Amino acid sequence: MEDLPRRKENKKLYNASTKTLQIDPQVRRPVENVSSKIQGSLKGKEASENRETRKNRQNRQEWGKFEGVYYKDLQTDSKVQKDFMLEMAKLLNTYMADQCQGKVKVVDFHHPHQLQDMMGDCLTVDAVPRDLHQVLSDCKETLKYCVKTGHPHFLNQLSTGLDPVGVAGEWLTAAVNTNMFTFEVGSVFVLMEDIILRKMRSFIGWKEDGDGIFTPGGTISNIYALMLARHRKFPNIKEEGMYGGQKMVVYTSAQSHFSIKKAAIILGIGMNNVCCIPCDERGKMKVDVLEREIQRTLSDGGVPLMVNATCGTTVLAAYDPVDKIADICQKNGIWLHVDGAWGGSALLSKKYKYLLQGVERCDSMTWNPHKMMGVPLQCSAILVRNSGELQSANALCADYLYQTDKFYDVTYDTGDRSIQCGRHNDVFKLWLMWRSKGDNGFEDSINKIFHLSRYLEEKVKQREHFTLVTNEVEGPSVSFWYEPPQLIGQNLSPTERRNILSKVAPKIKESMTLKGNMMLAYQPLGDLPNFFRIAISNPRLSESSLDWVLDEIERLSKDIFC
């Protein structure tokens, strides 16, 4: 299979007359000292191959005992099972250590068709089983091509880093393989969930009688919130459905997560009945506009159903003014939901909890520990101020699961409070991390994350050719443009500059991904052209690693925009 052209072999051309960025794949960059560079490359390749050869030889020696040993042997021979699990643990430990210490690339990227050809038989499943030697080899090959999300230079998503205690908790959870819908099978994990949910509600500022449940992600938590808001206002919809009633309207900021619209679609409210309130230059909802839109809905005979206040927007990490929004909701009898999926963990810090001032006044809150708290994916909770609302909205009292005449306290059966039946145990890894770190440990981690974001913000301000998207950063995300001096001249019109700038981040992102040493996110925002976003949630990061990231952006730019 023919490889795609390497990016460094392409010459990038800037046409001054048309002010466009072009790529000429036929033109090769002049190379000096070709012989020495080839020799250096061959030596590096030879060293890499030697390391890989040694690892493969060692694996063959250690895994040789699994040749001709199959899955059925795991069921009948406890020693085979023990040896197999020990080898898997060694493989995973090496994988985690190498990426967390930065010993491997962030990604060994190949296009889908390339990766499919390269892995070949490793991807197919057939009638004839493979032996356990092959199974271990398949796992090793799979890990090779995984994106290393625990690497200090993986800054592509809101969830980064690998917490060893959290991973250990996930291993135990998988080994136990139990369900969370009843106490009789969930037992100790149901108690842990109750304890952790109480703990999280206490940080919001609620009393003991609240409610909550862990869900498969922030989107589902936001769906719960809208469902609860609708059930409080129109409880008959649970049985009668939605027909011929008043138009319901949901309000959220223009920079909120798309899951609010998705919730409106799924619940039959309709995407067009989500009113997106414009934001100020910092990305915060304009409260005066919100109040006007609510009055417009009332004048038109509609029903203001829910206001979603985002605490930590996806792109700019802005915090909507919860206290002011709560005043409006209280005056108009509207359910107030806080989407704190990204930024809610600031409540754990005495220094930064002010960002969510007034959060105790909301009716529900989404909080994702798998983001800023560093818990392995997924770990999200919907937290509700008043107890009984989840049960009222969801209960169907299926008598093959939720019998009322059980011999224990059936209030610990959580299934009828959930929209799911079977529910994964997402709490143990969080509980274990909380045991190992305590409130103080989590506070230290949150403070460090915010400190690093403030450090990066200052470095971006100080560097030539870097420009912040917003002058005031609230959450631990820093958004900025890099303006290559080779492209951005003084004689460009605003439109020309924007058009060129919109291509810079995607080109640099492509180069870093193919090189494999770093992954950053980029996106446009409204009329703003593409910019980089670095969201910091990995407490293993350091100031020096962030300096390296900015240096590398400049290095890649020089290679691309020569």
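Refer to the structure printed above.
The structure reproduced in this document is the subject of the present report. (Residues numbered from 1 in each chain as written. Predicted model: local features only at pLDDT ≥ 70, side-chain atom pairs only at ≥ 80, totals over all residues. Heavy atoms only, no water.)

## Let's talk about the pairing of strand β12 (residues 477-482)
Burial analysis of β12 places six of its six residues in the buried class, the great majority of the element. Side chains S477, S479 and W481 of β12 all project onto a buried face; the interleaved residues V478, F480 and Y482 project onto the opposite face, where all are buried too. Where strand β11 (residues 466-468) meets β12, three bridges bridge the pair, whose relative direction is antiparallel. Its bridge partner lying in β12, L468 is registered against F480. Summarising the sheet, β12 and strand β14 (residues 528-535) pair through four bridges and their orientation is antiparallel. Residue pairing in the sheet places S479 in a bridge with R533 of β14. (Buried < 20%, exposed > 50% of the residue type's maximum accessible area, 1.4 Å probe, protein only. Helix = DSSP H or I, 4+ residues; strand = E, 2+ residues; numbered from the N terminus. Pairing = 2+ DSSP bridges.)

## Points about the pairing of strand β7 (residues 303-310)
The buried fraction of β7 amounts to eight of the eight residues, a majority that puts the element mostly inside the structure. Inspection of the sheet shows β7 paired to strand β8 (residues 335-340) by five bridges, in the parallel sense. Its bridge partner being in β8, T310 is matched across the sheet by D339. As a crossover connection, the stretch from β7 through helix α13 (residues 322-332) into β8 is right-handed. (Right-handed = clockwise from strand over helix to strand, strands pointing away.)

## Let's talk about the packing of aromatic side chains
Summed over all chains, the structure comprises 13 aromatic pairs. On the numbers, 5.3 Å between centres and 75 degrees between planes, the contact of W434 with F442 is edge-to-face. A residue is classified by how much of its surface remains accessible, and F442, at 1% relative accessible area, is buried. Arranged with centres 5.8 Å apart and planes meeting at 50 degrees, the rings of F466 and F480 form a pair that is tilted. With a gap of 14 residues between them, F466 in strand β11 and F480 in strand β12 connect regions that are remote in the sequence. No difference in accessibility class separates F466 from F480, as the two residues are buried. One aromatic cluster is present, built from ring pairs that chain together F183, F407, Y408 and Y412. (Phe/Tyr/Trp six-rings, centres within 6.5 Å; stacked < 30°, edge-to-face > 60°.)

## Regarding the sheet that holds strand β9 (residues 364-367)
With mixed pairing, seven strands are arranged side by side in an open sheet as β4-β10-β9-β8-β7-β5-β6. Because the sheet does not close on itself, it has two edges, and the strands there are β4 (211-215) and β6 (274-277). Ignoring strand direction, the axes of neighbouring strands in this sheet form an average angle of 20 degrees. Here β9 runs beside strand β10 (residues 380-384); their pairing, made up of four bridges, is antiparallel. Bridged to T366 within β10 is I382. This element, helix α9 (residues 218-233), spans β4, β5 (248-253), β7, β8, β9 and β10 of the sheet and lies at about 150 degrees to β7. (Axes fitted to C-alpha atoms, helices over the stretch in contact; angles between N-to-C directions. Contact = heavy atoms within 4.5 Å.)

## Here we look at empty space enclosed by the protein
Applying the stated criterion to the full structure yields two cavities of 30 Å³ or more. In this structure, the second largest cavity encloses a volume near 30 Å³. Around the second largest cavity, the lining residues are F480, W481, Y482, L501, V504, A505, N530, F531 and F532. Mapped by element, the contributors of at least two residues to the lining of the second largest cavity are β12, α16 (494-515) and β14. Residue classes in the lining of the second largest cavity are distributed as eight nonpolar, one polar and no charged. (1 Å grid on protein atoms, 1.4 Å probe; cavity = no way out; pocket = protein on both sides within 12 Å on 5 of 7 lines; lining within 4 Å. Points joined across faces, edges and corners; volume = space filled by probe spheres on them. Nonpolar A, V, L, I, M, F, W, Y, C, P; charged D, E, K, R; others polar.)

## Considering the pattern of salt bridges
All told, the structure shown has 32 salt bridges when counted by the stated rule. In this structure, D126 engages R130 in a salt bridge whose closest nitrogen and oxygen atoms are separated by 2.6 Å. Here D126 falls in the partly exposed class, since its relative accessible area comes to 49%. A residue is classified by how much of its surface remains accessible, and R130, at 32% relative accessible area, is partly exposed. Close ionic contact of K515 with E552 constitutes a salt bridge, the shortest N to O distance being 2.9 Å. Of this pair, K515 sits in helix α16 while E552 sits in helix α17 (residues 543-560), and the two are 37 residues apart along the sequence. (Salt bridge = Lys/Arg side-chain N within 4 Å of Asp/Glu carboxyl O.)

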